[in-house]
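Descriptive structure summary
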Amino acid sequence: LWAVTNGTTSDSLWTVDIQNGTGVLVGSTGLTGIQAMDFNPEDELFAWDHSIGLGLVRLSRLTGTATDVNPSMGSVASMQTIAYSQSGQLVGVANDLYRISANGDTRVQGTGVGDIRGADFTTNGLRVVFPESMVVTLGQKKFGDVNSIKEQDGNMLQVCRFIVPNQATPPVQV
């Protein structure tokens, strides 16, 4: 598992052992606004930076250093999540669904999908997402939705609702 922590002078790239939860620092990215990252089908690690408007960057798995994939093009949106499909198509979400080309160019694919903070492709090709803005509190419990987004048009469909856990309890589907 790979993770980025936000720092005041630079974000840091980490590897995390999912068996015991320990992290190993890979290194500084040199940036302070990485909000999303994913591996492409060739196993290269990419991220989206919005602190200085770079957009799509490649992260070194050896040093953590970020490299702008297209210095002549800035970020047009503050992507909160990015993900590659099995075919290699990169998409991002920043209230709208975007297709992102290998050089970082973006175009809107669907609008108004919400404040998505995490997403991934499933085996059936749909995007499964957890919109932070859809967490609701009913009594003592918070509920969140898992949704599918159609990659073709950005339309969203609820898959299930679950209880948002506190740190001591695992999620429960309702």
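Residues numbered from 1 in each chain as written. Predicted model: local features only at pLDDT ≥ 70, side-chain atom pairs only at ≥ 80, totals over all residues. Heavy atoms only, no water.

Things to note about the overall build of the protein
How we decide: A run of DSSP states H or I qualifies as a helix once it reaches four residues; a run of E qualifies as a strand once it reaches two. Both are numbered from the N-terminal end. With a 1.4 Å probe rolled over the protein chains alone, any residue whose accessible area is under 20% of its type maximum counts as buried; one over 50% counts as exposed, and the rest are partly exposed. Contacts were defined at the residue level, with two residues in contact if any of their heavy atoms lie within 4.5 Å. Surface exposure here means Shrake-Rupley accessible area, sampled with a 1.4 Å probe, where a residue is shielded only by the protein chains that are shown.
Of regular secondary structure, the protein possesses 0 helices and 17 strands. When the 174 residues of the protein are sorted by exposure, 38% land in the buried category. Counted over contacts in the protein with a minimum sequence separation of 6, partners at least 24 positions apart contribute 32%. With an accessible surface of roughly 9,500 Å², the protein has 52% of that area assigned to carbon and sulfur atoms.

Let's talk about the side chain of Asp38
In plain terms, the rule: Throughout this description, a polar contact denotes any pair of N or O atoms lying within 3.5 Å of each other; where both atoms belong to protein, one of them has to be capable of donating a hydrogen while the other can accept it, and for residues adjacent in sequence the pair is counted only when both atoms sit in side chains.
Here Asp38 lies in strand β4 (residues 34-39). Among the polar contacts listed, one links the side chain of Asp38 to the backbone nitrogen of Tyr84, at a separation of 2.8 Å. Aside from chain neighbours lying at most four places away, what touches Asp38 is Glu44, Leu45, Phe46, Ile82, Ala83 and Tyr84.

Regarding the pattern of salt bridges
Short version of the rule: A side-chain nitrogen of Lys or Arg and a carboxyl oxygen of Asp or Glu constitute a salt bridge if their distance falls within 4 Å.
Under the defined criterion, the tally for this structure stands at 2 salt bridges. Two residues, Arg58 and Glu44, come together in a salt bridge whose shortest N-O distance is 3.6 Å. With Arg58 in strand β6 (residues 55-59) and Glu44 in the loop between β4 and β5 (45-49), the pair connects residues that are 14 residues apart, well separated along the chain. Assessed through its relative accessible area of 35%, Arg58 is described here as partly exposed. With a relative accessible area of 31%, Glu44 lands in the partly exposed category.

Quick look at the packing of aromatic side chains
What counts here: Pairing of aromatic rings covers Phe, Tyr and the six-membered ring of Trp, with a centre-to-centre limit of 6.5 Å; geometry is then stacked below 30 degrees between planes, edge-to-face above 60, and tilted otherwise.
All told, the structure shown has 2 aromatic pairs when counted by the stated rule. Look at Trp2 and Phe39: their rings are 6.0 Å apart centre to centre, the planes differ by 70°, and that puts the pair in the edge-to-face class. In this pair, Trp2 sits in strand β1 (residues 2-5) while Phe39 sits in strand β4, placing the two residues 37 residues apart along the sequence. Judged by relative accessible area, which is 22%, Trp2 ranks as partly exposed. You can call Phe39 partly exposed: its relative accessible area is 23%. Ring geometry for Phe46 against Tyr84: centres 6.0 Å apart, planes inclined by 55°, an arrangement best described as tilted. With Phe46 in strand β5 and Tyr84 in strand β8 (residues 81-84), the pair connects residues that are 38 residues apart, well separated along the chain.

Concerning the environment of Ala102
Position of Ala102 relative to the elements: it lies in the loop between β10 (95-100) and β11 (106-114). When its relative accessible area of 74% is taken as the criterion, Ala102 is described as exposed. It is 8.7 Å that separates the C-alpha atoms of Ala102 and Leu56, two residues lying 46 residues apart in sequence. Sequence-distant contacts of Ala102, defined by excluding residues within four places in its chain, comprise Leu56 and Val69.

A word on the nonpolar core
Which entries qualify depends on this criterion: Nonpolar cores are built from buried Ala, Val, Leu, Ile, Met, Phe, Trp, Tyr and Cys residues. Side-chain atoms within 4.5 Å join them into one set.
Formed by Ala36, Phe46, Trp48, Leu56, Ala77, Met79, Ile82, Tyr84, Leu90, Ala94, Tyr98 and Ile100, the largest nonpolar core amounts to 12 residues. Residues contacting Tyr84, with those up to four places away along its chain left out, are Asp38, Phe39, Asn40, Pro41, Phe46, Gln89, Leu90 and Phe121. Judged by nonpolar contacts, the second largest core, of 9 residues, contains Ile34, Leu45, Ala47 and Val57.

Purely spatial values, then, with no claim about function.
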